[in-house]
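Architecture at a glance
Spelled out from the first residue to the last, the chains are:
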Amino acid sequence: MYGYEMTQKVKALTKGELNITEGALYPALHKLEAEGLLDVEVAKVDNRLRKYYKLTEQGTKETVSKLEELAEYIKTMQSLVNPKLA
Amino acid sequence: MNLTKENIQFIDTYLDNSDIVFVDIRMEMVDHVASGIEAKMSEGDTRDFYFIFKDYMVENKAKLLDDNRKFLTSADKKIWKALLKELVKPIMPLLLSASFLGFYFLHKNLSLEIFKNVVSVIPLLGLIGFLLMYVVYSQVKQLKRFSAVERLAWPFFVSYQMSVIVLNFSKTVKEGYATFWLIGGLSLALTFMLLLIRVSLKIFKTYNERFKPIE
């Protein structure tokens, strides 16, 4: 996926609730690339160069772990806010 | 609707004039801006490209410039991380031992004053190494200005300062135990410099492989 595509996908998936700006997205992508969690490929598309990102093996493992952490966090918050749901 | 080559060139020149000088950062911004403008055109905006572009930049220029600043921090991080990785590889103790033995051999075969004169060229080695690589890649291989490539100048400056500190210390060294500290310090500085040259070569190679075939 490339940067602009990600912003549009997030917008579509959240029905416009979440709008990622380029000032937030690209620094995050570059940070993840520097940490070796994302791999990059450059291709020429429509008269310009486009940078495609994909998860590395380490990135995929990290995603699973972060999602588990997030689920656990949400569960904890639910038990605090509404003990019946937990 | 796709933008023309001239439209893309216009965006690129505009961003270049806005101090986004490194190609690897700018190309991603050009694509983002162009995609945004194309989306507006597809949604039915029939105005001329320049008017849509102007409105887009009024709205987003500050964010793009902020991205540029943060990208440079990531580029620095990438370099230092690569260098740290090299420092824990088996090549590090090998280079350190070889440098130590080389300096020790020199010291044993030369008088202390001549030895100090010979090793005084060490700080220049790293700078010459970096300049040579930069000239080869920018002039001979025709690579454009890339962020991590030019940000390498900072760690090279650090390695230069490291060896200058060791050489300043050498002025106070007389024959005896202190010469071992001098040889140790020189070996560390030289090893750091050689590892930095190794990291630089890898970074130059990555950019060459990533961008050269599609320029």
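**Points about the domain arrangement of chain B**
All names here are of chain B. Its domain assignment divides chain B into domain 1 (5–75) and domain 2 (89–210). Each of domain 1 and domain 2 was reduced to a C-alpha centroid, and the two centroids are 40 Å apart. Buried area between domain 1 and domain 2, both sides added, is near 680 Å², and the carbon and sulfur share of it is 68%. Considering only the surface of domain 1 that becomes buried against domain 2, F22, V23 and D24 emerge as the three largest contributors, covering 62% of it. Where domain 1 packs against domain 2, one counts 0 salt bridges. In this assembly, domain 1 and domain 2 are joined by 0 residue pairs in polar contact (both at pLDDT 80 or more). Contributing elements (two or more residues each) for the side of domain 1 that touches domain 2: α2 (23–42) and α3 (49–87).

**Concerning the packing of helix α6 (residues 122–140) of chain B against helix α8 (residues 153–170) of chain B**
For any two helices packed against each other, the geometry comes down to the angle between their axes and how far apart the axes lie. All names here are of chain B. Look at α6 against α8: their axes get within 7 Å of each other, and the N-to-C directions meet at 165°. Taken as axis vectors, α6 and α8 run roughly antiparallel relative to one another. Remark: the crossing between α6 and α8 carries left-handed chirality. Here I122, P123, G126, L127, F130 and M133 of α6 come into contact with α8, specifically with A153, F156, Y160, S163, V164 and L167.

**Digging into unusual backbone geometry**
Positioned with a positive phi, N47 of chain A is a non-glycine residue whose angle comes to about 70°. Mapped onto the elements, N47 of chain A comes out in the loop between β1 (38–45) and β2 (48–55). Phi at D19 of chain B is positive, roughly 75°, even though this residue is not glycine. By secondary structure assignment, the location of D19 of chain B is in the loop between α1 (5–17) and α2. Classification of D19 of chain B by relative accessible area gives exposed; the value is 60%.

**Examining the pairing of β2 of chain A**
All names here are of chain A. As paired strands, β1 and β2 are joined by 8 bridges and run antiparallel to one another. From the neighbouring strand, V42 faces β2, where its bridge partner is K51. The antiparallel hairpin formed by β1 and β2 contains 2 residues in its connecting segment, where D46 sits at a positive phi of about 45°.

**As for the packing of aromatic side chains**
Per the counting criterion, the structure on display carries 10 aromatic pairs over all chains. Between F10 of chain B and Y50 of chain B the ring centres are 4.9 Å apart and the planes differ by 85°, which places this aromatic pair in the edge-to-face class. Residue F10 of chain B is found in helix α1, and its partner Y50 of chain B is found in helix α3; the two are separated by 40 residues along the sequence. Since its relative accessible area comes to 34%, F10 of chain B is described here as partly exposed. The interplanar angle of 75° and the centroid separation of 5.0 Å between the aromatic rings of F49 of chain B and Y50 of chain B together place this pair among those described as edge-to-face. The ring centre of Y2 of chain A lies 3.8 Å from the NZ or CZ of R50 of chain A, which sits over that ring.

**Side note on the interface of chain B and chain A**
Residue-level contacts link 29 residues of chain B with 26 residues of chain A. Between chain B and chain A, a total of about 2,600 Å² is buried, with carbon and sulfur atoms accounting for 55% of that surface. Here chain B and chain A share 5 salt bridges between them. Between E35 of chain A and K77 of chain B there is a salt bridge whose closest N-O contact spans 3.1 Å. Taken together, chain B and chain A are joined by 12 residue pairs in polar contact (both at pLDDT 80 or more). Residue assignment for the side of chain B that touches chain A shows that the elements contributing at least two residues are α1, α2, α3 and α9 (178–211) of chain B. Per element, the largest residue contribution to the side of chain B that touches chain A is 12 residues, and it comes from α3 of chain B. A per-class count over the side of chain B that touches chain A returns 10 nonpolar, 7 polar and 12 charged.

**Details of the environment of S200 of chain B**
All names here are of chain B. Tracing the sequence through the fold places S200 in helix α9. Measuring from C-alpha to C-alpha, the distance between S200 and W154 comes to 12 Å, with 46 residues separating the pair along the chain. The contacts of S200, once residues within four sequence positions are left out, are M133, L152 and F156.

**Description of a nonpolar patch on the surface**
Side chains of L67, L70, Y73, I74, M77, L80 and V81 of chain A sit close together on the surface and give an oily, nonpolar patch of about 720 Å² of accessible area. Secondary-structure assignment places I74 of chain A in helix α3 (residues 57–81).

What counts and how
Residues numbered from 1 in each chain as written. Chains lettered and ligands numbered in written order. Predicted model: local features only at pLDDT ≥ 70, side-chain atom pairs only at ≥ 80, totals over all residues. Heavy atoms only, no water. Domains from an automatic or database assignment. Buried area = accessible area lost by both parts, 1.4 Å probe. Salt bridge = Lys/Arg side-chain N within 4 Å of Asp/Glu carboxyl O. Polar contact = N/O pair within 3.5 Å; in protein donor to acceptor, adjacent residues only side chain to side chain. Helix = DSSP H or I, 4+ residues; strand = E, 2+ residues; numbered from the N terminus. Axes fitted to C-alpha atoms, helices over the stretch in contact; angles between N-to-C directions. Parallel < 35°, antiparallel > 145°, perpendicular 65-115°, else oblique. Left-handed = near helix turned anticlockwise from the far one by under 90°. Contact = heavy atoms within 4.5 Å. Buried < 20%, exposed > 50% of the residue type's maximum accessible area, 1.4 Å probe, protein only. Pairing = 2+ DSSP bridges. Phe/Tyr/Trp six-rings, centres within 6.5 Å; stacked < 30°, edge-to-face > 60°. Lys NZ or Arg CZ within 6 Å of the ring centre and 35° of its normal. Nonpolar A, V, L, I, M, F, W, Y, C, P; charged D, E, K, R; others polar. Patch = residues over 30% accessible without salt bridge, like charges linked within 9 Å, V, L, I, M, F, W, Y side chains within 5 Å. Areas by Shrake-Rupley, 256 points an atom, 1.4 Å probe, with all protein chains shown as cover.

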